[in-house]
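Given next are the chains, with one letter for each unit.
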Amino acid sequence: MKKQVLVLGGNFGGLTAAIALKKALHGDVDVTVMSDRDYFLYNPSLIWLPFGLRTRDDITFKVGPTFEAAGVEFVQKAAAKIEPELNRVVDVDGVIHPYDYLVIATGTVNDWDRVPGVKENAGTIVTLADAEDSGRRWREFLNDPGDIVIGATQGASCFGAAYEYLFNVSYQLRKAGIKKQVKLTYVTAEPYLGHFGIDGMPTGEFMVDMFMKKESITGITNMAMEYVSKDAVKLADGRELPFKYAMVVPPFLGIDAVRSCDTISNAAGFVPVRDTYQTKTYDNVYAVGLAAAVQVPWTTPVAVGVPKTGFPTEIQAHVAAANISSQIAGLVPTREKPFAEIPALCVMDAGNNGIMLLGDHMLKPRRAAMLIPGPQNHAIKVGLEKYFLWKSRTGRVNLP
Ligand SMILES: Cc1cc2nc3c(=O)[nH]c(=O)nc-3n(C[C@H](O)[C@H](O)[C@H](O)COP(=O)(O)OP(=O)(O)OC[C@H]3O[C@@H](n4cnc5c(N)ncnc54)[C@H](O)[C@@H]3O)c2cc1C
């Protein structure tokens, strides 16, 4: 009997794991991807969508044809329940999907409860719907400008996106000719500017500080938010920052189906994994990307999470695919790549400028790490967008 592999989620992690596995084993395995949506989203470009620089169509593609061309079955359905002791997943319609091997690549949901009012009064840019909503708020703001607050709450992890959005806002204000009349403030849980949720990079604090001064942005670090009202962010130290426009990155949780399966997930709904990306509890269940838990290796006065970006997600997906191939061949899974040791590779956009982050390891200790600032990074970011959309759409997951 052919082994059945079920992959939950069809974006960076799910698409990569499913197609890599099918490419490795061809007809010797049946791979099915189940995802609640029928499109791939290139999340890094959400920072541009609110300004009308990208549309939904620019940064998405339908995954059905991609999976069909790769010989992977695609089911558009949300997983509702994972039952690892029975080797099956139940979808929202109650249909049972049995598996021999399961890969969980279901990403996250926003934790709106950590700071009341973020969803209703500030908004964010984490999902396509969030970014479209931020775009509506931005257009309203342009008709009636005032102060702006951009932030990342206690427990947040996606600091790169917050910085990118901050500097893109500053750039857009200048283009609209209203930069001088707007007070722009960045509020973050990070203990220092340029921590990025990875405990910084050499010269990072200095470089971000320099960018902020050049753009006349006020930075408030080490800060929790109490709530966001209709027109102000209330900080934990009692201060209120009035705004006409705000964007706040919240903390994340695992999706409900994962969070409710307590034999595989932690309290926040993330899946603790071994270095093989097998879950701690089941040899045949894997988790990659945002869905996988990462131990936060520091203690900060205000809680700061670790960002799980696209590059490590793809590496984890390849490791999981290689290990499932081994298991199907009757071997012990031996491929290992701890999250902390995956290279750091990220380009942060600033509108017409940016910073490239390079490091041999995501987390310290690192032997080599550097930041390269400059306008070329905006062009690189745009190039990466085109490349990744092409690579993913055409299923060329073995390319870097
Ligand atoms: C604004 C923003 C900017 C970013 N910028 C960068 C960047 O510049 N560089 C970078 O490397 N990374 C960046 N990232 C991070 C990057 O997007 C993530 O690392 C990547 O998306 C992780 O992939 P994933 O497959 O784990 O999760 P996701 O991409 O979130 O995919 C999750 C998948 O699971 C599916 N799913 C959800 N619920 C269910 C369910 N119940 N059943 C079945 N399927 C389900 C979803 O539809 C989706 O297909 C950014 C993220 C954001 C939000």
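About the cut-offs
- Residues numbered from 1 in each chain as written.
- Predicted model: local features only at pLDDT ≥ 70, side-chain atom pairs only at ≥ 80, totals over all residues.
- Heavy atoms only, no water.
- Near = heavy atom within 4 Å.
- Polar contact = N/O pair within 3.5 Å; in protein donor to acceptor, adjacent residues only side chain to side chain.
- Areas by Shrake-Rupley, 256 points an atom, 1.4 Å probe, with all protein chains shown as cover.
- Domains from an automatic or database assignment.
- Contact = heavy atoms within 4.5 Å.
- Buried area = accessible area lost by both parts, 1.4 Å probe.
- Salt bridge = Lys/Arg side-chain N within 4 Å of Asp/Glu carboxyl O.
- Core = buried A, V, L, I, M, F, W, Y, C linked by side-chain atoms within 4.5 Å.
- Buried < 20%, exposed > 50% of the residue type's maximum accessible area, 1.4 Å probe, protein only.

Engineer: What's the story with the site of the ligand in this structure? I'm lost.
Structural biologist: Lining the immediate surroundings of the ligand are 29 residues, of which Gly13, Asp36, Lys308, Gly310 and Lys381 lie closest. Within the contact set of the ligand, an oxygen atom lies 3.5 Å away from a backbone nitrogen or oxygen of phenylalanine 12. Glycine 310 has a polar backbone atom sitting 2.7 Å from an oxygen atom of the ligand. Contact with the protein chains removes 90% of the 1,000 Å² of surface that the ligand exposes when unbound.

Engineer: Explanation requested: the domain arrangement of the chain in the structure shown.
Structural biologist: By a widespread convention, an interface's size corresponds to the accessible area lost as its parts come together. Annotation of the chain at the domain level lists domain 1 (3-110 + 252-339) and domain 2 (118-251). Between domain 1 and domain 2, the C-alpha centre-to-centre distance is 30 Å. Taken together, the contact pairs 25 residues of domain 1 with 37 residues of domain 2. Of the roughly 2,400 Å² buried where domain 1 meets domain 2, counting both sides, 68% is carbon and sulfur surface. The largest per-residue losses of area from domain 1 upon contact with domain 2 belong to Ile47, Phe51 and Phe252, which jointly make up 28% of the total buried on that side. Inspection of the domain 1/domain 2 interface yields one salt bridge.

Engineer: Honestly, the nonpolar core in this entry has me stumped. Any pointers?
Structural biologist: Nonpolar side chains tend toward joint burial in soluble globular proteins. Counting 111 residues, the largest nonpolar core has Ile104, Ile148 and Tyr186 as the members making the most contacts within it. Of the domains in this structure, domain 1 (3-110 + 252-339) and domain 2 (118-251) are the two that each give at least three residues to this core. Those residues in contact with isoleucine 148 that lie beyond four places of it in its chain are Trp138, Phe141, Val169, Leu173, Val182, Lys183, Leu184, Thr185, Phe243 and Tyr245. If you look at the next biggest cluster of nonpolar residues, it comprises 15 residues, including Val118, Ala122, Ile220 and Met223.

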